[in-house]
Amino acid sequence: MRKGREEREQKKLTIDRRNAIAVAASIRGIVEIEQAKNDRLESKIQAIGVGLAAGGIAASSGTDKVFQTVQDYKIPVLMHLHPFAFSFLLSCAIALGAAGITWWRTKPKFLRNVIKS
């Protein structure tokens, strides 16, 4: 009688141990998924921040010299733009370029593997 009870308790402990291992594996999986989401969000925020900073710097410095060079070389498409519009478009282009490069360099590892394939 005692032996049968011990066997039942042993089986119960084995089942409980398996359940605990399954729960721990599930929690690990959930944590990894959340970490991947956070990495992706962090990469986007970094790219946006660098893009805005680069665009702001471009808009505040040097666009008048670039606009003067465009007028000196008489580039027909750009000569018709107002200096403000030229400065704005140039800073937007620089911001998008900087954001793209930053996103490319900081993207999470799992995206690097997906994009390579």
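Keep in mind the model is a prediction, meaning the values are calculated, not measured.

### A short note on the overall build of the protein chain
Counting its regular elements, the protein chain contains 5 helices and 0 strands. Reading the protein chain from its N terminus to its C terminus gives the helix and strand order α-α-α-α-α. Pairs at least 24 apart in sequence give 62% of the contacts found in the protein chain among residues at least 6 apart. Total accessible area computed for the protein chain in this model is approximately 9600 Å², and 65% of it derives from carbon and sulfur atoms.

### A look at the packing of aromatic side chains
Across all of its chains, the model carries 1 aromatic pair by this definition. Residues phenylalanine 84 and phenylalanine 88 carry aromatic rings whose centres are separated by 6.3 Å and whose planes lie at 20° to one another, so their mutual orientation is stacked. Here phenylalanine 84 and its partner phenylalanine 88 are both found in helix 4 (residues 83–106), 4 residues apart, which amounts to about one turn of the helix. Given the relative accessible area of 60%, phenylalanine 84 is considered exposed.

### Looking at the pattern of salt bridges
This model, assessed by the stated rule, comprises 1 salt bridge. Glutamate 34 is the salt-bridge partner of lysine 37, the closest N and O atoms lying 3.8 Å from each other. Of this pair, lysine 37 and glutamate 34 both sit in helix 1 (residues 2–60), separated by 3 residues, roughly a single helical turn.

### Points about the packing of helix 2 (residues 63–72) against helix 4
The contact between helix 2 and helix 4 brings their axes to 10 Å, and the two run at 115°. By the criterion of interaxial angle, the relationship of helix 2 to helix 4 is roughly perpendicular. The two elements helix 2 and helix 4 meet at a crossing, and its hand is right-handed. Contacts between helix 2 and helix 4 involve Thr63, Val66, Phe67 and Val70 from the former and Pro83, Phe86, Ser87 and Leu90 from the latter. Taken together, the residues of the contact of helix 2 with helix 4 sort by class into 6 nonpolar, 2 polar and no charged.

### Digging into a nonpolar patch on the surface
Side chains of Val23, Ile27 and Val31 sit close together on the surface and give an oily, nonpolar patch of about 270 Å² of accessible area. Tracing the chain through its elements places valine 23 in helix 1. When its relative accessible area of 48% is taken as the criterion, valine 23 is described as partly exposed.

### Description of helix 4
With 24 residues, helix 4 extends 34 Å between its outermost C-alpha atoms, agreeing within 8% with the 34 Å of an ideal straight helix rising 1.5 Å per residue. Among all positions in helix 4, only Phe86, Ser87, Ser91, Ala95, Ala98, Ala99 and Thr102 are buried.

### Things to note about helix 2
All of the buried residues in helix 2 are Thr63, Phe67 and Val70. On an axial view of helix 2, the arc spanned by its buried residues comes to 55°, and they lie on one face. The exposed residues of helix 2 that point more than 90 degrees off its buried face are Asp64, Lys65 and Asp72. Phi turns positive, to about 50°, at lysine 74, one or two residues after helix 2.

Scoring rules and cut-offs
Residues numbered from 1 in each chain as written. Predicted model: local features only at pLDDT ≥ 70, side-chain atom pairs only at ≥ 80, totals over all residues. Heavy atoms only, no water. Helix = DSSP H or I, 4+ residues; strand = E, 2+ residues; numbered from the N terminus. Contact = heavy atoms within 4.5 Å. Areas by Shrake-Rupley, 256 points an atom, 1.4 Å probe, with all protein chains shown as cover. Phe/Tyr/Trp six-rings, centres within 6.5 Å; stacked < 30°, edge-to-face > 60°. Buried < 20%, exposed > 50% of the residue type's maximum accessible area, 1.4 Å probe, protein only. Salt bridge = Lys/Arg side-chain N within 4 Å of Asp/Glu carboxyl O. Axes fitted to C-alpha atoms, helices over the stretch in contact; angles between N-to-C directions. Parallel < 35°, antiparallel > 145°, perpendicular 65-115°, else oblique. Left-handed = near helix turned anticlockwise from the far one by under 90°. Nonpolar A, V, L, I, M, F, W, Y, C, P; charged D, E, K, R; others polar. Patch = residues over 30% accessible without salt bridge, like charges linked within 9 Å, V, L, I, M, F, W, Y side chains within 5 Å. Expected span 1.5 Å × (residues − 1). Arc of directions from axis to C-beta.

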